[in-house]
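Chain by chain, the residues:
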Amino acid sequence: MIKLIGLVPLFPLIGFLINGFFGKKVSKSLSGIIASVSILASFVLSVLIFVELNGSINKSHVVNLFSWINSGTLQIPFEFLVDPLSSLFLLIITGIGFLIHVYSIGYMSHDAGFARFFTYLNLFVFFMLLLVLGNNYLIMFVGWEGVGLCSYLLIGFWFKNNAYNDAARKAFVMNRIGDLGFLLGIILIFVTFGSISYNEVFLKAGTVSTGVITSIALLLFIGAMGKSAQIPLYTWLPDAMAGPTPVSALIHAATMVTAGIYMIVRSNIFYSISEVASETVAIVGVLTALFAATIGLFQNDIKKILAYSTVSQLGFMFLALGVGAYSSAVFHVTTHAFFKALLFLGAGSVIHAMGGEQDIRKMGGLSGKIKITFVTMLLGTVAISGLPPFSGFFSKDEILAHAYEHNPVLWMFGSIASMLTAFYMFRLLFLTFFGKFRGTHEQEHHLHESPSSMTFPLIVLAILSVAGGLLGLPEFWHLPNWMSNNLESVIIRKSPSTLHHETEWMLMGIAVLAALATIYFAYIVYRQKKTLPIKEGDKMPGLQTVIYNKYYVDEIYDALIRKPLDVLSVVFHKFFDIQIIDGLVNGVGSFVKSLGSAIRLLQNGNIGFYITSMVIGIVFIILLTFLI
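A brief structural summary. A quick note: this is a predicted structure, and the numbers were derived from the prediction, not measured. Here, residues in each chain are numbered from 1, in the same order as that chain's written sequence. Side-chain atom pairs in this predicted model are given and counted only at pLDDT of 80 or more, local residue features only at pLDDT of at least 70, and totals for whole chains, interfaces and linings cover all residues. Excluded from the side-chain calculation are hydrogens and water; included are all heavy atoms of the structure.

**Topic: the overall build of the protein**
Phase 1: Starting at the N terminus, helices and strands are each numbered in turn, a helix being any DSSP run of H or I of at least four residues and a strand any DSSP run of E of at least two. Along the backbone of the protein there are 25 helices and two strands.
Phase 2: For the C-alpha atoms alone, the extent of the protein along its principal axes is close to 110 × 65 × 55 Å.
Phase 3: Summing over all exposed atoms, the protein offers an accessible surface of approximately 26,900 Å²; the carbon and sulfur share of this is 70%. Only the protein chains shown count as covering a residue, and every accessible area follows the Shrake-Rupley method with a 1.4 Å probe.

And the structure:
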């Protein structure tokens, strides 16, 4: 089956081509079925490949598809790498992707761009599969740029709304900033090692100076900061909620934003060698986790709360990468894919029931109206809050334990971020599903549970959110940690934990008690005291205003970066472009035109003038001949 790996990305590509060319000519149901079946076929094949890989002694297989680039010393074959890391990401991408495709059939059923939506989704999955399967950095970069393009198309899917177009452009531009760093990193890798294939590069990594390795690692991290929304390149992700909710679940929760984590785990040798780079990753990660968590405290848009939650959880993953806990980061990627996709799709079900309303201040009392959505979102909320025995508890606790071992300060900041996560997620749950309904009579009349095509993925993801922790049970429980053991061959330089079991039990107990205390505090505020968010337009306390407005980071970027660039662009346009470039080009044209006009005067039609000119010319030629 491993030799058939090329079919895994091929199926979504076929779905993209069919819907792209014939989507408008077939019914909506058929268009959705074609797109979903193509992803299902990839998922089934991915499962078979995963099973075969786990049953084989050799854990790394390179499948050469064709010769791609041959130019001098640059030899780049089009190869796919099948190993424990890529095979796990295949399951996440195609498995979660299939559930979101099924969900989208119900969610987008009344949209005029139904076939176009599924066309973009299939293309996105194709590029994401390229990203994780490529056996060199160039194929990864092609997939990297491809998912960026699809993100732009899907965020701005409802392009008649200019605000959505602005959000799409913002995501595209901020990702390009990170992509420049990634591209420079690839170039430096080729210059240093003479290759960009993983095996050749990683074998030589230990022979190069630490300074060069640090430069490569930091450049790659810049790319990861853009794609995975880390400080300072994180502001595009919350705005990306402008796209349809399934887009938020697929791209900005389960797959695309985790591309940066995949890239660093794949390149883990660089970060193991460079202490500067790894410390940078850890610090940026924990600051992002804490910063985004504080912003989520006072947001009122249900999708914006989940968006900042995603930024915060991505920060936890980078914290794990920075302290050398690569398998823990992948474990959290996996559990986060389960519960965050569940929460986004659950939010979409709430929005569907509310007739498009996203403000939690206008909700309330929905638990009895949309019971399946409520129960599944409750399970997802408990999972992300880090309570046992749900999946988020095991993956987040593992990260915090490694952070404590590396530096207790990192653990402290990470723990605070984790507590804030529990608070704002239960705030969302209490305000959305409990109390009295605060919307309009028309919205209340419209309330209804989503169709089975939407609730089925919620139930499956809820089960995974509950049971996903089995993939990485703590080793100090004397149970096998499947995730760690599975990725052992991918982590080139391992850093095993040296914490005492007593310390790990203590950290686990502190994490659980902190989460429970935070949830109880949220219960007192929003259930017993029935505190409601401040209404739109009302005055907020000073600090709350700052946090509600996201610390005015967008405004700061606008003032310090966008506006000066706009002024500079005007100056260059008026003086450099118009005066110099246009002046030079137009001047050459004017000179040629004037010269032509002057020479044209010689053609006056006077025969005497022509004869005289001929005689002068003959005399000149004779004199020239004698002189030579």
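Back to the write-up after that little detour.
**What to know about the pairing of strand 1 (residues 61-71)**
Moving residue by residue along a regular strand, the side chains alternate between the two faces of the sheet.
Phase 1: At least two DSSP bridges between two strands are needed for those strands to be called paired. Bridge count for strand 1 against strand 2 (residues 74-82) is nine bridges, and the pairing is antiparallel. Paired with N64 across the two strands is E79, which belongs to strand 2.

**With respect to the packing of aromatic side chains**
Phase 1: Two aromatic rings, drawn from Phe, Tyr or Trp (for Trp, its six-membered ring), form a pair once their centres lie within 6.5 Å of each other, and the interplanar angle then sorts them: stacked below 30 degrees, edge-to-face above 60, tilted otherwise. By the definition in use, this model includes 37 aromatic pairs.
Phase 2: Taking the centre distance of 5.4 Å and the plane angle of 75° together, the rings of W68 and F78 count as edge-to-face. Linking W68 in strand 1 with F78 in strand 2, this pair joins segments that are ten residues apart in sequence.
Phase 3: Judged by relative accessible area, W68 falls into the partly exposed class, the value being 33%.
Phase 4: With relative accessibility at 13%, the residue F78 sits in the buried group.
Phase 5: Summarising the aromatic geometry, the rings of F157 and W158 are spaced 6.2 Å apart at their centres and angled 65° between planes, so their arrangement reads as edge-to-face.
Phase 6: Through a chain of ring-to-ring contacts, three or more aromatic side chains come together here, namely F114, F117, F118, Y120, F157, W158 and Y164.
Phase 7: R176 extends its terminal NZ or CZ atom over the ring of F172, reaching a point 4.3 Å from the ring centre. Think of it in three bands: residues with accessible area under 20% of the maximum for their type are buried, residues over 50% are exposed, and the middle band is partly exposed, with areas taken using a 1.4 Å probe on protein chains only. Lysine NZ or arginine CZ positioned within 6 Å of the ring centre and within 35 degrees of the ring normal marks a charge as sitting over the ring.

**Comments concerning the packing of helix 8 (residues 210-227) against helix 13 (residues 275-296)**
Phase 1: For helices, the fitted axis covers only the stretch in contact; all axes are lines through C-alpha atoms, and the angles between them, taken along N-to-C directions, range from 0 to 180 degrees. Two elements in contact, helix 8 and helix 13, have axes separated by 8 Å at closest approach and are oriented at 25°. As far as their axial angle goes, helix 13 and helix 8 are roughly parallel. Listed contacts from helix 13 to T214, A217, L218 and F221 of helix 8 are V276, A277, T280, V281 and V284. Throughout this description, any angle smaller than 35 degrees is read as roughly parallel, any larger than 145 degrees as roughly antiparallel, any in the 65 to 115 degree range as roughly perpendicular, and the remainder as oblique. By the convention used here, residues are in contact when the closest approach between their heavy atoms is within 4.5 Å.

**Notes on the pattern of salt bridges**
Phase 1: Every case where a carboxyl oxygen of Asp or Glu lies within 4 Å of a side-chain nitrogen of Lys or Arg is listed as a salt bridge. Enumeration over the complete set of coordinates arrives at nine salt bridges.
Phase 2: Measuring nitrogen to oxygen at the nearest pair gives 3.5 Å for the salt bridge that ties E145 to R176. Taken together, the residues span a long stretch of sequence, with E145 in helix 5 (residues 137-155) and R176 in helix 6 (residues 162-193) at a distance of 31 residues.
Phase 3: Given the relative accessible area of 24%, E145 is considered partly exposed.
Phase 4: Overall, the relative accessible area of 22% leaves R176 in the partly exposed class.
Phase 5: A salt bridge links D166 to R169, with the shortest nitrogen-to-oxygen separation between them at 2.3 Å. With D166 and R169 both in helix 6 and three residues apart, this pair spans about one turn of that helix.
Phase 6: Using a relative accessible area of 45% as the deciding quantity, one classes R169 as partly exposed.

**Topic: the environment of P244**
Phase 1: Here P244 is to be found in the loop between helix 9 (236-239) and helix 10 (245-254).
Phase 2: P244 gets classed as buried once you look at its relative accessible area, which sits at 1%.
Phase 3: Residues P244 and M108 lie 136 residues apart in sequence; the distance between their C-alpha atoms is 8.4 Å.
Phase 4: Apart from residues lying up to four places away in sequence, P244 is in contact with M108, F117, L154, F157, W158 and K303.

**Let's talk about the environment of E52**
Phase 1: In this structure, E52 sits in helix 2 (residues 28-55).
Phase 2: Taking the relative accessible area as the measure of exposure, E52 reaches 33% and is therefore partly exposed.
Phase 3: With 192 residues separating them along the chain, E52 and P244 place their C-alpha atoms 37 Å apart.
Phase 4: If we skip the residues at most four places from it in the chain, E52 touches M1 and I2.
Phase 5: Within the structure, E52 has its side chain in polar contact with the backbone nitrogen of M1 (distance 2.8 Å). The definition of a polar contact used here is a pair of N or O atoms within 3.5 Å, where within protein one atom must be able to donate a hydrogen and the other to accept one, and adjacent residues in sequence count solely through side-chain atom pairs.

**Comments concerning unusual backbone geometry**
Phase 1: Cis geometry marks the peptide bond from I231 to P232, where omega comes out at 5°.
Phase 2: That bond from P388 to P389 is cis: its omega, 0°, falls within 30 degrees of zero.
Phase 3: Even without a glycine there, the phi angle at K550 is positive, about 60°.
Phase 4: Relative to the elements of secondary structure, K550 occurs in the loop between helix 23 (542-548) and helix 24 (553-600).

**Quick word on helix 15 (residues 326-353)**
Phase 1: In this scheme, a helix's expected span is set at 1.5 Å multiplied by one less than its residue total. Across its 28 residues, helix 15 extends 40 Å between first and last C-alpha, which sits within 8% of the 40 Å expected from 1.5 Å per residue.
Phase 2: Across the 28 residues that make up helix 15, a large majority, 27, are buried.

**As for helix 5**
Phase 1: Between its first and last C-alpha, helix 5 extends 26 Å over 19 residues, near the 27 Å set by a 1.5 Å rise per residue.
Phase 2: If you check the start of helix 5, you find a side-chain oxygen 3.0 Å away from the backbone N of L138, and it comes from N136.

**Observations concerning the nonpolar core**
Phase 1: For our purposes a nonpolar core is just a set of buried Ala, Val, Leu, Ile, Met, Phe, Trp, Tyr and Cys residues, chained together by side-chain atoms within 4.5 Å. Residues F124, Y137, F270 and Y271 are the most contacted members of the largest nonpolar core, which totals 195 residues.
Phase 2: Broken down by element, this core gets its largest block of residues, 17 residues, from helix 15.
Phase 3: Beyond its immediate sequence surroundings of up to four residues, Y137 is in contact with F182, I186, I189, I196, Y198, F202, L220, S267 and F270.

**Regarding the side chain of S391**
Phase 1: Along the chain, S391 turns up in helix 17 (residues 391-406).
Phase 2: Not counting residues up to four positions away in its chain, the partners in contact with S391 are T335, F339, A383, L464, S465, V466, G468 and G469.

**Observations concerning the environment of F126**
Phase 1: Following the sequence through the fold, F126 ends up in helix 4 (residues 114-133).
Phase 2: Once residues within four sequence positions are removed from consideration, F126 is found in contact with P9, P12 and L13.

**So, a nonpolar patch on the surface**
Phase 1: Exposure above 30% relative accessible area and no salt bridge define the residues that can form patches, which grow by joining like charges within 9 Å and nonpolar side chains of Val, Leu, Ile, Met, Phe, Trp and Tyr within 5 Å. A cluster of nonpolar residues, Y552, I556, L560, I561, L565, L568, F572, F576, I580, I581 and V585, forms a patch on the protein surface that exposes about 1,000 Å² of accessible area.
Phase 2: Within the fold, I561 resides in helix 24.
Phase 3: For I561, a relative accessible area of 44% corresponds to the partly exposed category.

**Points about the side chain of R266**
Phase 1: Position of R266 relative to the elements: it lies in helix 11 (residues 259-266).
Phase 2: Reaching out from R266, the side chain makes a polar contact with the side chain of D83 at a distance of 2.6 Å.
Phase 3: For R266, the contacting residues outside a window of four places in its chain are L81, D83, L85, S86, V132, M140, Y198, F202 and V490.

**Things to note about the packing of helix 13 against helix 18 (residues 408-433)**
Phase 1: Direction vectors running N to C along helix 13 and helix 18 enclose 25°, while the axes themselves pass 8 Å from each other. On the basis of the axis angle, helix 13 is roughly parallel to helix 18. Here the hand of the crossing between helix 13 and helix 18 comes out left-handed. Two secondary-structure elements touch here, helix 13 through A282, V286, A289, L290, A293, T294 and G296 and helix 18 through L410, F413, G414, I416, A417, L420, Y424 and R427. Working rule for handedness: look at the near helix, and if it is turned counterclockwise from the far one by less than a right angle, call the crossing left-handed; if clockwise, right-handed.

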